[in-house]
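# Overview (structure and organization)
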Amino acid sequence: MNALDFSGGLTLARNVRMTRLLRHSSSRVAVLASALTLAVMPTWAQTPIERHSNSYTPEQDVQLGQQAAAEVRQQMPMLNDERIEDYVERIGERLVREIPDEWEQPAFRYSFDVVNLKEINAFALPGGPMFLHRGMIEAARTEAEVAGVMAHELSHVILRHGTVQATKGQKFQIGAVAGQILGAIVGGTAGDVIAQGSQFGLGAYFLKYSREYEREADLFGAQIMARAGYDPRQMANMFQTIAREGGGRGPEWLSSHPDPGNRYEMINREAEMLEIDGNAGSGAEFSNVKSRLAQMSPAPTSEQVARARQSGQRVPAGNTGGAARVEPPSNQWRTYQPGNFLRLNVPANWEQIGGGNTVRYAPEGGFFQAQSGQSSFTHGMELGVIDGDGASLQQATERLLQSFARTNPQLRRQGGYSRANIGGRQGLTTNLTNVSDVTGQREVVNVSTVQLRDGSVLFLIGVAPQSESRAYFNTFNRIRQSIQLADNR
Ligand SMILES: [Zn+2]
């Protein structure tokens, strides 16, 4: 079920935004505090990084990278898990903020995605897009280890190693280079991918860096890490893990990021010269991410993906494959007050996900954020408020269903409306079926609406796979019965 973003001056929305503002201001306090720390610190020594000649413009880096990234997102199985993507994005943004002024590239567009593949790997494309394999996060022992790989990848982007290498080598037309990158990552036909020992293009000319650039990315990455509050020694530790865990199949990451020689010692030596500005990385958040990954079905290998592609199957894709195990609704309940006029109880194993003009409650694994920014959920309930525009409750509900049908073309009604008591008022409820855009399976949808005092309409949309409809319909009923409205002013 695709969730909609309703724009209308809604009490509920205003409240969601309030919460965000509060959260924002507290994080600013933290930033101020660390700026003060920085001010009293001595200037730290670090290995200077030299600038290489590059016959491409930064804008061409961006163009190349964006083209290739679009293909990667289409061809590779993406994890599509909002919470994990958010987490990785926060680490990435923390690192990007610490790029030294003299190296900043205003044209660059940084992004951070997680690929649902088992191999311990990561790669970054010219101009900003970075992709982290799920296997890399699973192999890391701390957030700083993840940050270490990301700081290294980010350094290749900032130092523009891809186009620097292309400048030194054969001159490519931009279009041709884009094809090279894509071919390198995706690995040509499925058969080729398997023949190459299940690597997504790590024999790439464009993404396989020389030892000189590896050394630079290690040093520059260590410097950025320290500025961002991470211990660069953790990057050295992660590289050891990568070398060890590559096992018999050969560590994919190392084949494109070769050891420049004494890598571990070199990074540790650099770390000794650096002041670590703060203490970034919450252990609790990192272990949440790890346990969330552990609850999903295991990531496929590149080879499994290539075989599936070859035989015309859908590529198994993280949450998008509907692979996550979703716990049934808990018998325990938790009370929420998402807006100042609304209280409700939801199963204790559902979480509130705020955003846009709606609020959602979903169990772990039941909610997804697509690349497009559009969100979907397979289990749970969404609440929001739409303008009544003077219409009757039934007319307003019809409009709501029509707007849902536009983004969910398989949405079908199952009978008419029933009356339902919602917060002591007479509301409406109706059931529909849909085909999930996430799992491709049939799902049930329960929509309930009730008019608020100001003429607007509160809606509740419950979604669950058809195979679990009985348990979820009970839950949707109980949530509806728990609603308390306080919009009498
Ligand atoms: Zn590298």
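All values reported here derive from a predicted model rather than from experimental measurement.

### Describing the overall build of the protein chain
Assigned secondary structure in the protein chain consists of 16 helices and 16 strands. Burial statistics for the protein chain: of 489 residues in total, 53% are counted as buried. Long-range contacts, defined here as pairs at least 24 residues apart, represent 70% of the contacts in the protein chain between residues at least 6 apart. Of the roughly 21500 Å² that the protein chain leaves accessible, carbon and sulfur atoms contribute 47%.

### What to know about the sheet that holds strand β4 (residues 333-339)
One open sheet accounts for three strands, arranged β4-β5-β16; its pairing is antiparallel. Edge positions in the open sheet fall to β4 and β16 (484-485), since each of these has one partner strand only. Where β4 meets strand β5 (residues 342-347), five bridges bridge the pair, whose relative direction is antiparallel. The partner of Tyr336 across the bridge, within β5, is Leu344. Seen against the sheet, helix α16 (residues 469-482) touches β4, β5 and β16 and runs at an angle of roughly 155 degrees to β5.

### Looking at the pattern of salt bridges
In total, this model carries 16 salt bridges according to the counting rule given. Ionic pairing is found between Asp218 and Arg263, a salt bridge with its closest N-O pair at 2.8 Å. Taken together, the residues Asp218 in helix α9 (residues 211-228) and Arg263 in helix α12 (residues 263-273) connect sequence positions 45 residues apart. Taken as a pair, Asp218 and Arg263 share a single burial class, namely buried. Between Asp389 and Arg399 there is a salt bridge whose closest N-O contact spans 3.7 Å. You can see Asp389 sitting in the loop between β10 (380-386) and α15 (393-407) and its partner Arg399 sitting in helix α15, a full ten residues away along the chain. A relative accessible area of 61% means that Asp389 is categorised as exposed.

### Let's talk about empty space enclosed by the protein
For the coordinates displayed, the defined rule picks out five cavities of 30 Å³ or more. Estimates place the volume of the largest cavity at around 100 Å³. Around the largest cavity, the lining residues are Glu82, Arg83, Arg292, Glu351, Ile353, Ala362, Pro363, Glu364, Gly365, Gly366 and Phe367. Of all the secondary-structure elements, those providing two or more residues to the lining of the largest cavity are α3 (82-97), β6 (350-355) and β7 (358-363).

### Digging into the confidence of the model for the protein chain
Caution applies to low-pLDDT regions: their predicted coordinates should not be interpreted in detail. Averaged over all residues, the pLDDT of the protein chain equals 78, while 75% of them reach at least 70. When the elements of the protein chain are averaged for pLDDT, helix α8 (residues 190-195) gives the smallest value, 32, and helix α5 (residues 143-158) the largest, 97. In this model residues 5-43 is a low-confidence stretch, pLDDT under 50, and it forms 43 contacts with partners more than four residues away in sequence or in other chains.

### Focus: the packing of helix α6 (residues 161-168) against α9
Relative to each other, α6 and α9 sit at 160 degrees, their axes nearing to 11 Å. Regarding the angle of α6 to α9, the classification is roughly antiparallel. Pair α6 / α9 crosses with right-handed handedness. Residue-level contacts link His161, Val164, Gln165 and Lys168 of α6 to Glu212, Tyr213, Glu216 and Ala217 of α9.

Calculation notes
- Residues numbered from 1 in each chain as written.
- Predicted model: local features only at pLDDT ≥ 70, side-chain atom pairs only at ≥ 80, totals over all residues.
- Heavy atoms only, no water.
- Helix = DSSP H or I, 4+ residues; strand = E, 2+ residues; numbered from the N terminus.
- Buried < 20%, exposed > 50% of the residue type's maximum accessible area, 1.4 Å probe, protein only.
- Contact = heavy atoms within 4.5 Å.
- Areas by Shrake-Rupley, 256 points an atom, 1.4 Å probe, with all protein chains shown as cover.
- Pairing = 2+ DSSP bridges.
- Axes fitted to C-alpha atoms, helices over the stretch in contact; angles between N-to-C directions.
- Salt bridge = Lys/Arg side-chain N within 4 Å of Asp/Glu carboxyl O.
- 1 Å grid on protein atoms, 1.4 Å probe; cavity = no way out; pocket = protein on both sides within 12 Å on 5 of 7 lines; lining within 4 Å.
- Points joined across faces, edges and corners; volume = space filled by probe spheres on them.
- pLDDT = per-residue confidence, 0-100.
- Parallel < 35°, antiparallel > 145°, perpendicular 65-115°, else oblique.
- Left-handed = near helix turned anticlockwise from the far one by under 90°.

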